[in-house]
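# Residue-level structure breakdown
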Amino acid sequence: MDHFTFTRKDFPANFLFGSATSSYQIEGHGFGDAGPTHWDSFAATPGNVVRAENGEIACDHYHHFEADLDLAAAAGLDCYRFSTSWARVLPEGTGTPNPEGLDFYDRLTDAMLERGLKPCATLYHWELPQPLADLGGWRNRDIGNWFAEFTEVIMGRIGDRMYSVAPINEPWCVGWLSHFLGHHAPGLRDIRATARAMHHVLLAHGRAIEVMRGLGMDNLGAVFNFEWATPVDDSAAAQAAAETYDAIYNRFFLGGVFKGAYPEPALKGLEPHLPKGWQEDFKTITQPVDWCGLNYYTRKVIGADDGPWPHYAELDGPLPKTQMGWEIYPDGLYQFLSRTAADYTGDLPLIVTENGMANPDVITAGRVSDPERIAYVDAHLARVRRAIADGVPVQGYFLWSLMDNYEWALGYEKRFGMVHVDFDTLVRTPKTSYYALKEALTG
């Protein structure tokens, strides 16, 4: 497939298209006096990251951001979703800000506006300052106030120019993936740490919303990641396993923010490990937001597991897979948009804040061809159009990602970008998906 089957005219007039990135994945954390993060420590530990690769240089967006934003603007995008690095702004996590860090985000913001791109910020995309990790990180209840301080510092500087802001990207990854499965920093496998991190990440979200409201900011949201849970068969055990997976992955964080309650199948295992008086925090966690963001890539086929809680197993599914080994299941995006509006958010605007695929690039005569990515995005945007036609208030779509980048524990080998990055020379080469999107958006 070499072009999209839609154009901008197939979406409502106010529908926004953007691309998304994150600070540690592209900036180059070794530049600009940024402080150490728990990702630096995690990556330096043998066995955690492919070839022990880290974000020290990444795409060197720190020095190439103007050219990168030129690419975003030339594609006809309306918005650029980026994240701010806590350790770049506050190297100790609290206390004295790093002037170079604040200046960088100032320049970055102005460069977006100069190109007609709406700045859509995420305050935290996983790179916790190491001094705060040393104090327990997300396990420590004080992180709500540490994060509020960071929010005050960074948004006190650039908040006046933001189009939208969300505090934390993908709470499931911050909590479960990093503290129960151990796949991301800090690399723990500890159910007590998990329960506390899952709760405290929402407490920090609420505190950040409070701070930004205090600064007079609006268009504030919450961004969650979703995986549709498909039971492997019709057995009661498989159904129950899929329900538990759905509760932990998809409903826990939505429930906290929009209902002030956690789902029972998740509490079954987590409640004994939650901090004392956790229910009292919902008045902070449920601070009203102006929109809800959904990050969606895949589904999981779930079967029962007779080991300890959570009693489920992720099984190999039959559908075509991306380079990540993730099944391509566009219907899940439609299902989540519909269910989220029906069960949690009502008339609140929904934004697809991330969607995309990792794909090995085929380079011939300087041309980077990625027809699979075009087909993937086209299929998912068809489901977005279907949701809109059904009355679901979807108002935007952000492709992950603008460019190939540091894919966390998978290092630099998994490529999600519509712009190819040569990580040796740092040369950027737009792929066929980039040109296809440009054609769809600009005609």
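Residues numbered from 1 in each chain as written. Predicted model: local features only at pLDDT ≥ 70, side-chain atom pairs only at ≥ 80, totals over all residues. Heavy atoms only, no water.

## Comments concerning the pairing of strand S1 (residues 16-20)
Where burial is concerned, most of S1 is hidden: 5 out of the 5 residues are buried. As paired elements, S1 and strand S2 (residues 79-83) share 3 bridges and run parallel to each other. By the bridge assignment for S2, Ser19 is matched with Tyr80. (Buried < 20%, exposed > 50% of the residue type's maximum accessible area, 1.4 Å probe, protein only. Helix = DSSP H or I, 4+ residues; strand = E, 2+ residues; numbered from the N terminus. Pairing = 2+ DSSP bridges.)

## Quick word on the environment of Pro330
Considering the arrangement of structural elements, one finds Pro330 in the loop between strand S7 (312-315) and helix H13 (331-345). Other than its neighbours up to four places away in sequence, Pro330 contacts Ala379, His380 and Arg383. (Contact = heavy atoms within 4.5 Å.)

## Quick word on the pairing of strand S3 (residues 118-124)
A regular strand places its side chains so that they alternate between the two faces of the sheet. Most of S3 sits inside the fold, with 6 of its 7 residues counted as buried. Bridge analysis of S2 against S3 gives 5 bridges, and the strand direction is parallel. Its bridge partner lying in S3, Arg81 is registered against Cys120.

## Considering helix H5 (residues 99-114)
Given a rise of 1.5 Å per residue, 16 residues ought to cover 22 Å, and the 22 Å separating the end C-alpha atoms of H5 matches this to within 8%. Within H5, burial applies to Gly101, Leu102, Phe104, Tyr105, Asp106, Leu108, Thr109, Ala111 and Met112. Residues of H5 that are buried sit in contact with helix H1 (23-26), helix H3 (61-74), S2, helix H4 (86-89), S3 and helix H7 (143-158). Once H5 finishes, Gly116 follows within two positions and takes phi at roughly 75°, a positive value. (Expected span 1.5 Å × (residues − 1).)

## Things to note about the state of the cysteines
Using the criterion set out here, one finds 0 disulfides in the structure. Residue Cys79 stays outside any disulfide, its sulfur separated by 4.1 Å from that of Cys120, the closest cysteine. In this model Cys173 remains outside any disulfide bridge; the closest cysteine sulfur is found in Cys292, 15 Å from its own. What makes Cys173 buried here is its relative accessible area of 5%. (Disulfide = S-S within 2.5 Å.)

## A look at the packing of helix H10 (residues 236-259) against H13
In the contact formed by H10 and H13, the axes pass within 11 Å of each other and the chain directions differ by 40°. Judged by the inter-axis angle, H10 sits oblique to H13. At the point where H10 passes H13, the crossing takes the right-handed sense. Touching Asp246, Asn250, Arg251, Leu254, Gly255, Phe258 and Lys259 of H10 are Phe336, Arg339, Thr340, Asp343, Tyr344 and Thr345, all from H13. (Axes fitted to C-alpha atoms, helices over the stretch in contact; angles between N-to-C directions. Parallel < 35°, antiparallel > 145°, perpendicular 65-115°, else oblique. Left-handed = near helix turned anticlockwise from the far one by under 90°.)

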